[in-house]
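Survey of secondary and tertiary structure
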Amino acid sequence: MKFLMILIFILSLSLVACGGDGGGSDEETNSESDADSDSDSDGDSDGDSDGDSDTDGDSDSDGDSDSDGDSDGDSDGDSDTDGDSDSDGDSDSDGDSDGDTDTETGGDGDTDADGDSDTGHKTCDNPATLKEAGECMEPPMLIGAAIGKLWGPIDPKCYGESRCLNTASAEHNYVTCENEMKWQVIEPNRGQFDFTEADAIVNWAIGEKMKVKGHTLVWHSQMSEWMNALNADETRAAVENHIVKVMDHYKGKLYSWDVVNEAVETSTNTGDSGAKMRNTVFYQRLGKNYIDEMFQFAHDHDPSVKLYYNDYSIDADNEKFAFVYDMIKGMVDRGVPIDGVGFQMHIGPPNNYKVTGETVSKNMRKLTDLGLEVLISEMDINMCGGQISQDTQLELYHDVVEACVKNSSCSAITFWGIDDPRSWLNNFDEAQCGGSGAEPLLFDGNFGKKETYKRVMAALTGK
Ligand code: XIL
């Protein structure tokens, strides 16, 4: 009997000991109200368990750097954009501490690499405009629009049409110049800079209290011809001079920059296969680490603005995303100062259309698990060509915006224009429109709110 009692005592001791550490490291955090759970915003880097591997085939064969890189700590490489950060961005319920009418977003947010759960932005109930819906979120989200002055299918362009500008400033708080900051416009001849067109838009936007994203410093398209004639040293000097002059001109005025745009290509624009580094003048002359160099250079020159990589057809479960993810992860691992990745989100011909809310959500989560911000940077959904029906368009507008709302490190959504008739897609041959019919945006030709607007607003308010 005595022996039996001793045995029971020993057994119960060992059970207590097992229970003590069984939960394993970090898992336990998420139960206890995840006071700081959404760690993923601030560069924990850590557990990307799922990490790179994923990809498929192509891997980084020819592409992405993976070597040296430039040391220096990831200094700022993290989201934290929107002020208040995660003060409360966690664990929904109750919430409405602070004044305004808030409800919660889906609450069932995704689980990140650490097994923590991110419940996304907390949304509010009855905002009057898109920008108000973004401003009243916690953390806030910027709502942007591209404004064109120079190119576009009809005149006047948005900048010359007061109803277009009024709609832009009433509904948005973030602006991208559609064409006016591109190399071809800003530095048409070597060393000769012309900021007239971009300045007009930037000054208007600042006057309207909107933030501005610079678009774009390094891109193969809408590039000046004179760059083709340069050797490696001259190319490096020219691109550094371009970055310095342009960033200096806008110092203190811009919130962010698309530093490198569309550096990855695939066999077709849908991004399904054949992913590799795009064979641009920068890649040819400066080699595979040119992207690291450009970000480092931009950061050293002006550490106060956010620096983004921007690309299209990375919103689906495809080879292009896998390749871009590996490239970006390599940059983060090497300490390259990148703040985030823009998903252009031009859905429909000629780009990817096999996108769903889930694919967007999954791809965004992989990047935010690296400690980066993500943003939707050029959204429109093209109905020409027959791949996307009106119902699909409405569903996608809702679900893609919802994917951003449910990720607290998704910091902005920019639409590529205001009204349908002025959309670039109508006159872009590969978009298969032949002059009209893309109907890809949120406002019609009279600046009336379309059903697409309503679906976006629903998603921005957690519905
Ligand atoms: C487009 C403009 O909207 C058009 O007016 C111009 O003719 C071509 O460029 N990805 C980008 C944007 O990063 O700069 C492009 O803008 C659309 C695709």
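These remarks concern the structure in this document.

Within this structure, the stated rule accounts for ten aromatic pairs. Taken together, a centroid distance of 5.7 Å and an interplanar angle of 85° make the contact between Phe-195 and Tyr-250 edge-to-face. Within this pair, whereas Phe-195 is found in the loop between helix H4 (183-186) and helix H5 (196-207), its partner Tyr-250 is found in the loop between helix H6 (232-249) and strand S4 (256-261), the two being separated by 55 residues in sequence. Neither Phe-195 nor Tyr-250 differs from the other in exposure class; each is buried. Where Phe-282 meets Tyr-290, the ring centres are 6.0 Å apart and the plane angle is 20°; that geometry is what we call stacked. With relative accessibility at 1%, the residue Phe-282 sits in the buried group. Judged by relative accessible area, which is 2%, Tyr-290 ranks as buried.

Once that is clear, we can look at the environment of Phe-195. On the accessibility criterion, Phe-195 (13% relative accessible area) is buried. Sequence separation between Phe-195 and Met-181 is 14 residues; the distance between their C-alpha atoms is 7.7 Å. Phe-195 has contacts with Ile-186, Lys-245, Val-246, His-249 and Tyr-250, leaving out every residue within four places of it along the chain.

Moving on to the layout of surface pockets. If you add up the space inside the largest pocket, you get close to 580 Å³. Looking at the largest pocket, it is lined by 26 residues, and the ones nearest its centre are Lys-182, Trp-219, Gln-222, Trp-424 and Phe-428. Considered class by class, the residues forming the lining of the largest pocket number eight nonpolar, twelve polar and six charged.

Once that is clear, we can look at unusual backbone geometry. Omega for the peptide link from Asp-155 to Pro-156 comes to -10°, which places this bond in the cis form. Of note, Pro-156 is situated in the loop between strand S1 (142-147) and helix H3 (162-171). With an omega dihedral of 0°, the bond running from Pro-349 to Pro-350 counts as a cis peptide bond. As for its placement among the helices and strands, Pro-350 is situated in the loop between strand S9 (346-347) and helix H10 (357-368). Of note in the backbone geometry, Glu-262 takes a positive phi value of approximately 55° without being a glycine.

Below, the discussion takes up empty space enclosed by the protein. Left-over empty space is what a probe sized like a water molecule reveals as it rolls over the atoms. Taken as a whole and assessed by the stated rule, the structure comprises two cavities of 30 Å³ or more. Roughly 90 Å³ of internal volume is contained in the largest cavity. For the largest cavity, the lining is made up of 17 residues, of which Gly-148, Cys-158, Glu-178, Gly-417 and Arg-422 are closest to its centre.

About the thresholds
Residues numbered from 1 in each chain as written. Predicted model: local features only at pLDDT ≥ 70, side-chain atom pairs only at ≥ 80, totals over all residues. Heavy atoms only, no water. Phe/Tyr/Trp six-rings, centres within 6.5 Å; stacked < 30°, edge-to-face > 60°. Helix = DSSP H or I, 4+ residues; strand = E, 2+ residues; numbered from the N terminus. Buried < 20%, exposed > 50% of the residue type's maximum accessible area, 1.4 Å probe, protein only. Contact = heavy atoms within 4.5 Å. 1 Å grid on protein atoms, 1.4 Å probe; cavity = no way out; pocket = protein on both sides within 12 Å on 5 of 7 lines; lining within 4 Å. Points joined across faces, edges and corners; volume = space filled by probe spheres on them. Nonpolar A, V, L, I, M, F, W, Y, C, P; charged D, E, K, R; others polar.

Interpretation note: all reported values are geometric properties and have no functional meaning in isolation.
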